[in-house]
Every structure is written in structure tokens, then in C-alpha cells.
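Structural overview for review
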Amino acid sequence: MSQHNAQPPAASDLARTVWPAVPRNPLVLVPVGSTEQHGPHLPFDTDSVIARAVAVGVAGALSSAPLVAPPVLYGASGEHAHFPGTVSIGHEALSSVLVELVRSLSLWAGSVVFVNGHGGNASTLGNVVPQMRAEGHEVAWTGCGVPGGDAHAGRTETSLMLHLAPQDVRMDMAVAGDTRPIGTLMPDLIAHGVRVVSPSGVLGDPAGASADEGRRLIELMVAVTVRRIGAGVTDDRGHLVVPDEMPSAAPGLAPERRIALS
């Protein structure tokens, strides 16, 4: 059975628990995804599926037994707007959603970590989380990227989805897109959107993707996230980091940016 269909234990799944069972001052993990095109072979909820899988894995690995909230299924996906089916709420609306989620969760949760599965949401999280920290909320965020991963709907995400939701992957429809590094592509993506750069919507090449690789990638993302939460250190955007992996002069590692999460 894929992890997409599997459910976390009821004790850690906020949607399936009842209010008397909510622990005192828990850590709450909030997956943040998107509803956007992922080429002709991956489903629109790819980012949300991956973010939730990471959150569920982290909840199972931490002794503090955090709660996993229902995912935020819509994000800032304007760069994919020219593909039918994409639904983007933009940065301003996403910012409002995240702010109100933190304020509401903080009435009973001890701390909140957003687990982000869509790169287009990063700038919003990088603005909202410091704002919420300034209000006195214990909140941070982390991403689901992996070193060397391709940009969008290529081998990385295809492998992840072959592991998490193989029934939703259409490998017979998979095609290679623009395989240039994301740094090279970014000016054109910002100026023109994904469809001008890659008519298929793929930024990368799904060839060689496998469920086994996807399993290893999920395990890596979970392990990195657990380590980041355990360290409890954020940069100046509220993004969780591991200090001993950062350059000694890296900005945003001042003691006041430490946060108790686990």
C-alpha cells in the first residue's frame, strides 16, 4: 500500500482525533502544498502529497508525538497559471491564510512548523513566519527539497510519487522538459511563466525515476526535517537550519532565533 493511502496513527492525525485527546501544548506540523500542473504524468496534488508524507514521517519519528494538521492544498502557483487545472491563490491570500492558521493554532498548540512542498510558497513563508515570531508565536518552516533534485515534475518528484501514490502516476505520458538548472531558468520563469519555458510543464527529466528512489528520498527528507526540528534554529526568514551544516558566518543564526519545537 502506498504511503499516500496510508493514514498516520489517529493520535497524531488532527483531522481524525477528538478534542479531549489533543495533548497539552503540542507541536503541530502543517503541510503546505499546491494545486498545480506537474506535467502530463503527475497529478495536481503532487506537492501536497509529498509535504504531507514528510510531515507524517516526522510525526512518527519524534518522541514528542506532534500532530499533523490537514494540508493547505492551495498555494502561490502563478507561474503555472497558463496550464488548465492549476489553482493559485497568490501570495497575498496565502499570507492571510498562514497568518490566521498560526494565530488560531497558537490558542492551544505549543509550536507550529509549516512543512512546505512547493517552492513558490517559500517567499510567502519567509515573510509570514518572522511576522508571526514577532507577535510572540513559536513558529518555523522547512522545505521538502533534496540536494541535486530537479526543479519540477522531473525524476525527483516522479520517484517520490511512484513511491507515495503510484496509482496516480502516468509514466506512459512522461516526457523530458527543460533540464537547465533552476538558477538559469528562473529569470524566464518569473518573466513569462513555466509554459513559455517548457510547453509540457516539466522542468527536468522523469527518465529513470523509481519507487525505490522515491522511498530513499522521503526517508532523507524526514531525517533532515527531524534534525532541523531537534536543533530548533532558524535563519532570519524563520526557516529551520542545522547550525553545524552552515558556514560559520551565515546570517540569521543569532541565539534569539532559537526556538523550542520538540
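Just so we're clear, the structure is a prediction, and the values are computed from it rather than from any experiment.

**Details of the overall build of the protein chain**
Secondary structure assignment for the protein chain yields 7 helices and 6 strands. On C-alpha atoms alone, the protein chain measures out to a radius of gyration of 18 Å, which is about the 18 Å that the 2.2 N^0.38 rule sets for 262 residues. Its C-alpha atoms give the protein chain principal-axis dimensions of about 50 × 40 × 35 Å. Burial statistics for the protein chain: of 262 residues in total, 47% are counted as buried. A sequence separation of at least 24 residues applies to 76% of the contacts in the protein chain between residues at least 6 apart. Of the accessible surface of the protein chain, which amounts to about 11800 Å², a share of 57% is contributed by carbon and sulfur atoms.

**A word on the packing of helix H1 (residues 46-61) against helix H4 (residues 155-164)**
Orientation of H1 relative to H4, taken along the N-to-C sense of each, is 65°, at an axis distance of 10 Å. Looking at the two axes, H1 sits roughly perpendicular to H4. Note that H1 runs across H4; the crossing there is left-handed. Where H1 approaches H4, its residues Thr46, Asp47, Val49, Ile50 and Ala53 are matched on the opposing element by Glu157, Leu160, Met161 and Leu164. Broken down by class, the residue content of the contact of H1 with H4 amounts to 6 nonpolar, 1 polar and 2 charged.

**Considerations on the pairing of strand S4 (residues 139-143)**
Counting buried positions along S4 gives 4 out of 5 residues, so the element sits mostly inside the fold. Inspection of the sheet shows strand S3 (residues 111-116) paired to S4 by 5 bridges, in the parallel sense. When the sheet's bridge partners are listed, Val112 is paired in S4 with Val139. Handedness of the crossover is the feature at issue here: the chain leaves S3, passes through helix H3 (residues 122-134), returns alongside S4, and the resulting connection is right-handed.

**Considerations on the nonpolar core**
Grouped together as the largest cluster of nonpolar side chains are 35 residues, with contacts concentrated most on Leu29, Ile218, Met221, Ile229 and Leu261. Sorting the residues of this core by element identifies strand S1 (27-32), H1, S3, H4 and helix H7 (211-231) as the ones contributing at least two each. The leading source of residues in this core is H1, at 8 residues. By size, the runner-up hydrophobic cluster in this structure holds 22 residues, among which are Val28, Val99, Val128 and Trp141.

**As for the confidence of the model for the protein chain**
A residue-level look at the protein chain finds 90% of positions with pLDDT of 70 or above and a mean pLDDT of 91. Predicted confidence for residues 1-5 stays below pLDDT 50, and this span has 18 contacts to residues more than four positions away or in other chains. Counted against residues more than four places away or in other chains, residues 252-256, with its pLDDT under 50, gives 9 contacts.

Conventions we followed
- Residues numbered from 1 in each chain as written.
- Predicted model: local features only at pLDDT ≥ 70, side-chain atom pairs only at ≥ 80, totals over all residues.
- Heavy atoms only, no water.
- Helix = DSSP H or I, 4+ residues; strand = E, 2+ residues; numbered from the N terminus.
- Rg over C-alpha atoms; globule rule 2.2 N^0.38 Å.
- Buried < 20%, exposed > 50% of the residue type's maximum accessible area, 1.4 Å probe, protein only.
- Contact = heavy atoms within 4.5 Å.
- Areas by Shrake-Rupley, 256 points an atom, 1.4 Å probe, with all protein chains shown as cover.
- Axes fitted to C-alpha atoms, helices over the stretch in contact; angles between N-to-C directions.
- Parallel < 35°, antiparallel > 145°, perpendicular 65-115°, else oblique.
- Left-handed = near helix turned anticlockwise from the far one by under 90°.
- Nonpolar A, V, L, I, M, F, W, Y, C, P; charged D, E, K, R; others polar.
- Pairing = 2+ DSSP bridges.
- Right-handed = clockwise from strand over helix to strand, strands pointing away.
- Core = buried A, V, L, I, M, F, W, Y, C linked by side-chain atoms within 4.5 Å.
- pLDDT = per-residue confidence, 0-100.

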